[in-house]
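If you want the building blocks of each chain, they are given just below.
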Amino acid sequence: MLTMRPRGTNDIMPGEVETWQYLERQLRHICGEYGYAEIRTPIFEHTELFLRGVGDTTDIVEKEMYTFIDRGERSVTLRPEGTASAVRAYLEDKLYAGPQPVKLYYTGPMFRYDRPQAGRYRQFHQFGVEVFGSHDPAVDAEVIAMSMDFYGRIGLKNLALHVNSVGCPACRPHLRRQLQDFFRPRLASLCPNCRERYEKNPLRILDCKESRCSELGAEAPTTIDCLCDSCLTHFASVKKHLDLLHLPYIVDRRLVRGLDYYTHTAFEIMAPDIGAQSSIGGGGRYNGLVETCGGPPTPGIGYALGLERIILAMKNQGCAIPRSPGLDVFVVTAGREAEHTAFHLLFKIRRAGISADKDYLNRSLKAQMKYAGKAGTRFAVIIGEEELKSDTAVVRDMDAQEQATVAMGEVIKYLQAKMRHAPRLP
Ligand code: HAM
């Protein structure tokens, strides 16, 4: 156990972490362009927030939360998603009193106790955005388009964008009745989960992954059949704005999503080639959530993307993932006397903004050169007895396999000139 990480968690190791850093750079960049500001909320919150915010009929709340009593006898929960925390911060920090809309983004680990499999983890990472304070259907289209823009920039192709409208408090009771009327004679054939959903939240039956429930539900009334005029108009306008951007989408009448807070627009993005867990992102409008959490009536909309699944899809599609460039310099020494000079030079090189390292294992010159080569170092700066005597160093360009003897005081300038004239290819 001591040397095993908990089930459903991952180490992100050097070699992989560069992909994460690349995605994080792209995310921050796109958020800047679209006018979203970063928010960082705690990894854990009062359990009550998720009970109310995410909804107590959801799988997340019913069976997936990491909830525990802390030493102060309070029930806290590792965040299973980011929307509820963003709403809490919007209220606690009184963002509703400032200029609207408020456009926020976040990225970080989320926690859900589920059966781990490829693309489904107990600790996973989301990037998400939330917009508070606007009813405008153009905002729905903006957040959808922004997520698709991001996937496009990192080279993902063949994604399917599913959109639907799940109605509002005015049409939900009608939808609920219609669904209950439809499923009543079929109740005994539904899975045990859906039999519970029938009472609590029949909409979720449409979302059940059990084949008997999806077969039974194939003819069920869909959300769109029951929308009120205002929801229909809103949805038509969202689609119109997506059309203006020439963004292809599928109207998926069965899409309801697994969280209780959605109203109006719901959407999900699927990657075809990453197995069962094909949803690489999803979101929607949640016009009642701020109020449910104790705030003033405030419309909201957002989405979250799963970074592990995005990386899986990038690997499967062979998307270019930039590699880390490796060290610029390895300072190689021959003999103990050279060590002090090398140590001093190493720090001068680093202070000049050039990445550098040296041997700390007392290896032979040959072994040091081999290590520098394996580590992908661009230059070896070699200091042996001869160089000590003549106050010089040998600078070897490992890519070009050329070397030159350079006066010790000139080494940094020499390296800088070389790097300027022939920057390393990625
Ligand atoms: P969600 O659909 O539960 O939505 O999660 C969003 C994305 O997180 C999924 O599409 C998936 O890529 C990833 N994801 C979810 N669970 C796991 C898991 N166990 N392992 C790996 N990846 C996972 C939300 O969380 C909403 N808060 C999105 C939102 C924001 N809606 C409005 N604003």
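This text goes with the structure placed above it.
Here we summarise the structure given alongside this text. (Residues numbered from 1 in each chain as written. Predicted model: local features only at pLDDT ≥ 70, side-chain atom pairs only at ≥ 80, totals over all residues. Heavy atoms only, no water.)

So, the nonpolar core
Right, so step 1: If you look at the biggest cluster of nonpolar residues, it comprises 49 residues, and the most contacted ones within it are Leu23, Phe127, Phe150, Tyr151, Leu156, Ile280 and Ile310.
Right, so step 2: Secondary structure elements with two or more residues in this core: α1 (17–34), β6 (123–132), α5 (137–153), β7 (160–165), α9 (229–244), β9 (263–270), β11 (300–306) and α11 (307–316).
Right, so step 3: Among the elements that make up this core, the one with the highest residue count is α5 (9 residues).
Right, so step 4: Look past the residues within four positions of Ile280 in its chain and what remains in contact with it is Tyr151, Leu156, Leu159, Ile269, Ala271, Ile274, Leu305, Gly306, Arg309 and Ile310. (Core = buried A, V, L, I, M, F, W, Y, C linked by side-chain atoms within 4.5 Å. Buried < 20%, exposed > 50% of the residue type's maximum accessible area, 1.4 Å probe, protein only. Helix = DSSP H or I, 4+ residues; strand = E, 2+ residues; numbered from the N terminus. Contact = heavy atoms within 4.5 Å.)

Notes on the site of the ligand
Right, so step 1: Taken together, 25 residues are adjacent to the ligand, and Glu81, Thr83, Glu130, Tyr262 and Ser279 come closest.
Right, so step 2: Contact between the ligand and Glu81: a nitrogen atom at 2.6 Å from a side-chain N or O atom of the residue.
Right, so step 3: Gly306 has a polar backbone atom sitting 3.3 Å from an oxygen atom of the ligand.
Right, so step 4: Of all the secondary-structure elements, those providing two or more residues to the shell around the ligand are β6, β10 (279–285) and β11.
Right, so step 5: Here the shell around the ligand gets 6 residues from one element, more than from any other, and that element is β10. (Near = heavy atom within 4 Å. Polar contact = N/O pair within 3.5 Å; in protein donor to acceptor, adjacent residues only side chain to side chain.)

Some points on the pattern of salt bridges
Right, so step 1: Applying the stated criterion across every chain yields a total of 32 salt bridges.
Right, so step 2: Here Glu196 makes a salt bridge to Lys200, at a shortest N to O gap of 3.7 Å. Note that Glu196 and Lys200 are positioned in helix α7 (residues 192–200) at a spacing of 4 residues, about one turn of the helix.
Right, so step 3: For Lys200, a relative accessible area of 41% gives the class partly exposed.
Right, so step 4: Between Lys209 and Asp207 there is a salt bridge whose closest N-O contact spans 3.3 Å.
Right, so step 5: Judged by its relative accessible area of 16%, Asp207 falls in the buried class.
Right, so step 6: Within the structure, one salt-bridge network assembled from shared partners comprises Asp59, Lys63, Arg197, Arg204, Asp207 and Lys209. (Salt bridge = Lys/Arg side-chain N within 4 Å of Asp/Glu carboxyl O.)

Quick look at helix α13 (residues 365–374)
Right, so step 1: Residues of α13 that are buried: Gln368, Met369 and Ala372. Projected down its long axis, α13 carries its buried residues within an arc of 100 degrees, all on one side. Turned more than 90 degrees from where α13 packs its buried face, Lys366, Lys370 and Lys374 sit exposed.
Right, so step 2: Close packing links the buried residues of α13 with β12 (329–333), β14 (379–383) and β15 (392–397).
Right, so step 3: Gly376 lies just past α13 and shows a positive phi near 75 degrees. (Arc of directions from axis to C-beta.)

A few points about the pairing of β10
Right, so step 1: Here β10 lies mainly inside the structure; 7 of its 7 residues are buried.
Right, so step 2: Pairing of β9 with β10 involves 6 bridges; the strand directions are antiparallel. When the sheet's bridge partners are listed, Phe267 is paired in β10 with Gly283.
Right, so step 3: The sheet contact formed by β10 and β11 spans 5 bridges and is antiparallel. Looking across to β11, one finds that Gly284 is bridged to Gly302. (Pairing = 2+ DSSP bridges.)

Comments concerning the environment of Leu216
Right, so step 1: On the secondary structure map, Leu216 appears in helix α8 (residues 211–216).
Right, so step 2: With a relative accessible area of 23%, Leu216 lands in the partly exposed category.
Right, so step 3: Setting aside residues no more than four positions away along its own chain, Leu216 makes contact with Phe182, Phe183, Arg186, Ser189 and Leu190.

Side note on unusual backbone geometry
Right, so step 1: Look at the link from Gln100 to Pro101: it is a cis peptide, with omega at -5 degrees.
Right, so step 2: Within the secondary structure layout, Pro101 lies in the loop between α4 (83–92) and β5 (102–111).
Right, so step 3: In this model, Lys94 sits at a positive phi of 55 degrees, which is unusual for a non-glycine residue.
Right, so step 4: The residue Lys94 is located in the loop between α4 and β5 in this model.
Right, so step 5: A positive phi angle is found at His264, which is not glycine, with a value near 55 degrees.
Right, so step 6: You can see His264 is positioned in strand β9.

Topic: the packing of α1 against α11
Right, so step 1: In contact at an axis separation of 11 Å, α1 and α11 are set at 110 degrees when each is read in the N-to-C sense. In terms of orientation, α1 lies roughly perpendicular with respect to α11. Touching Thr19, Trp20, Tyr22, Leu23 and Leu27 of α1 are Leu307, Glu308, Ile310, Ile311 and Met314, all from α11. (Axes fitted to C-alpha atoms, helices over the stretch in contact; angles between N-to-C directions. Parallel < 35°, antiparallel > 145°, perpendicular 65-115°, else oblique.)

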